[in-house]
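# Geometric and topological summary
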Amino acid sequence: MTKKTTSLLAAAVVGVAAIVIAAIGGVFDSSDDSRLLVTADELADLQATGDVVVVDARDPEDYAAGAIPGAASLHTETLNQTITLEDGTEVPRLVKDADDIARPLRAAGIRENRPVVVYDNGAETSATRVFWVLDYYGHDDVRVLDGGVAAWTAAGHALESEPSTPEGGDFTPVAVPERHADYEYVQQAMFSDSIVLCNALSAESYEEGSIETSTNLHATSLFADGDVPYFRGDDVLADLLAEAGYEDGEEFVSFCGSGYMASINYFAARLLGIDNVRMYDGSLVDWNARGGPLLPSGATT
């Protein structure tokens, strides 16, 4: 049975799969990872203890207009680098190496043994991108504010326009290879029966062209409708991953255009307790720069 056929069958039986998953717990049991997502009130309680680093991952202009009190600004672009391939092609927005990324992380107050809560405006890519960066570089207690700034203000909490000067951090980044996928890894994963390559872009983009054997789960579908864009409940997230062809025990590799939207799907998988998950940093920008082919809807040749 081909990997593509397996994905189609998984989509057909998603209702049954969801019932079985709920019954046996399995990989979608998020009890151990529920701390990865915090509410506005939970963040306020954490701040009251003084034992949390709050990181604003939005653009500096948004931060200056009003941020959660005590939050340090950490724009995702300060964590990126551009590399040049042998043929002279540049690949932008790849995460910096450990030695280079330590400085901006420490400047934001990131510490070894202190929990980090990162946020954006809600239903954006910057908070989950920073989550992936810290997860990849070995921080073991990183959380995302559910609903972002929209949830914070909806809960009656105030914003402040005065910038925060955080205490200097001491975090030493050490890469965890199992959280990262590159071009060579994806090439090998394309025809693996135990790895799901999932495109986080829209269905229209996926239909135009995607990595061979890949499935599709548009990252925006992971957020609930409403004034505050909370993540959907665990049962819905589990169903969506199953519809995208994911089965218990497989590895989940998320990608998109440049490694931002993919971080939403990566975070959702981690939230559901899936430990065997990677993100293709650089994603289709990197894939295209290296000559990787794209096929309509990830069709198998």
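Above this text you will find the structure in question.
The notes below deal with the structure included here. (Residues numbered from 1 in each chain as written. Predicted model: local features only at pLDDT ≥ 70, side-chain atom pairs only at ≥ 80, totals over all residues. Heavy atoms only, no water.)

## Structural notes on the packing of helix α6 (residues 126-136) against helix α11 (residues 261-271)
Axis angle and axis distance: for two packed helices, these are the angle between their axes and the distance between the axes, and together they describe the pair. Test applied: Geometry is summarised by axes, namely lines fitted to C-alpha atoms with helices restricted to the contacting stretch, and by angles between N-to-C directions that run from 0 to 180 degrees. The secondary structure listing takes helices from DSSP runs of H or I that are at least 4 residues long and strands from runs of E that are at least 2 residues long, numbered from the N terminus. By convention the crossing between two helices is left-handed if the near helix lies anticlockwise of the far one by an angle smaller than a right angle, and right-handed if it lies clockwise. Residue contacts are counted whenever heavy atoms from the two residues lie within 4.5 Å of one another. Amino acids are sorted into nonpolar (Ala, Val, Leu, Ile, Met, Phe, Trp, Tyr, Cys and Pro), charged (Asp, Glu, Lys and Arg) and polar (every other residue, Gly among them).
Between α6 and α11, whose axes approach to 8 Å, the crossing angle comes to 65°. You can see that α6 and α11 cross each other, and the crossing is left-handed. The segment α6 lies against α11, with Thr-128, Arg-129, Phe-131, Trp-132 and Asp-135 engaging Ser-263, Ile-264, Tyr-266, Phe-267 and Arg-270. Of the residues belonging to the contact of α6 with α11, the class tally is five nonpolar, two polar and three charged.

## Topic: α6
We apply this condition: Burial classification: accessible surface area is computed with a 1.4 Å probe over protein chains only, and a residue below 20% of its type maximum counts as buried, one above 50% as exposed, and the rest as partly exposed.
The buried fraction of α6 amounts to eleven of the eleven residues, a majority that puts the element mostly inside the structure. Where α6 is concerned, the buried positions are Ser-126, Ala-127, Thr-128, Arg-129, Val-130, Phe-131, Trp-132, Val-133, Leu-134, Asp-135 and Tyr-136.

## A word on unusual backbone geometry
The backbone of Ala-123 sits at a positive phi, close to 60°, despite the residue not being glycine. In this structure, Ala-123 sits in the loop between β6 (116-119) and α6. Judged by its relative accessible area of 38%, Ala-123 falls in the partly exposed class. Even without a glycine there, the phi angle at Ser-283 is positive, about 45°. You can see Ser-283 is positioned in helix α12 (residues 283-289).

## Comments concerning the sheet that holds strand β8 (residues 180-181)
Picture the strands of a sheet paired through backbone hydrogen bonds; they go either parallel or antiparallel. What counts here: By definition, two strands form a pair when at least two bridges between them are found by DSSP.
The sheet built from five strands is open, its strands ordered β8-β12-β11-β9-β10 with parallel pairing. Looking along the sheet, the strands with just one partner apiece sit at the ends: β8 and β10 (215-216). Strand direction decides the pairing type here: strand β9 (residues 195-199) and strand β11 (residues 251-255), joined by five bridges, are parallel. Bridging across to β11, Leu-197 finds its partner in Val-253.

## Some words on the pattern of salt bridges
The test is simple: Take a side-chain nitrogen of Lys or Arg and a carboxyl oxygen of Asp or Glu: if they are within 4 Å of each other, that pair is a salt bridge.
All told, the structure shown has 14 salt bridges when counted by the stated rule. In this structure, the salt-bridge partner of Arg-278 is Glu-251, at a minimum N-O distance of 3.3 Å. Here Arg-278 is found in strand β12 (residues 277-280), whereas its partner Glu-251 is found in strand β11, with 27 residues between them in sequence. Exposure class is identical for Arg-278 and Glu-251. Each is buried. Taken together, the shared-partner salt bridges in this structure form one network comprising Asp-51, Arg-111, Arg-114, Glu-167 and Asp-170.

Everything listed here is a matter of geometry and, on its own, says nothing about what the molecule does.
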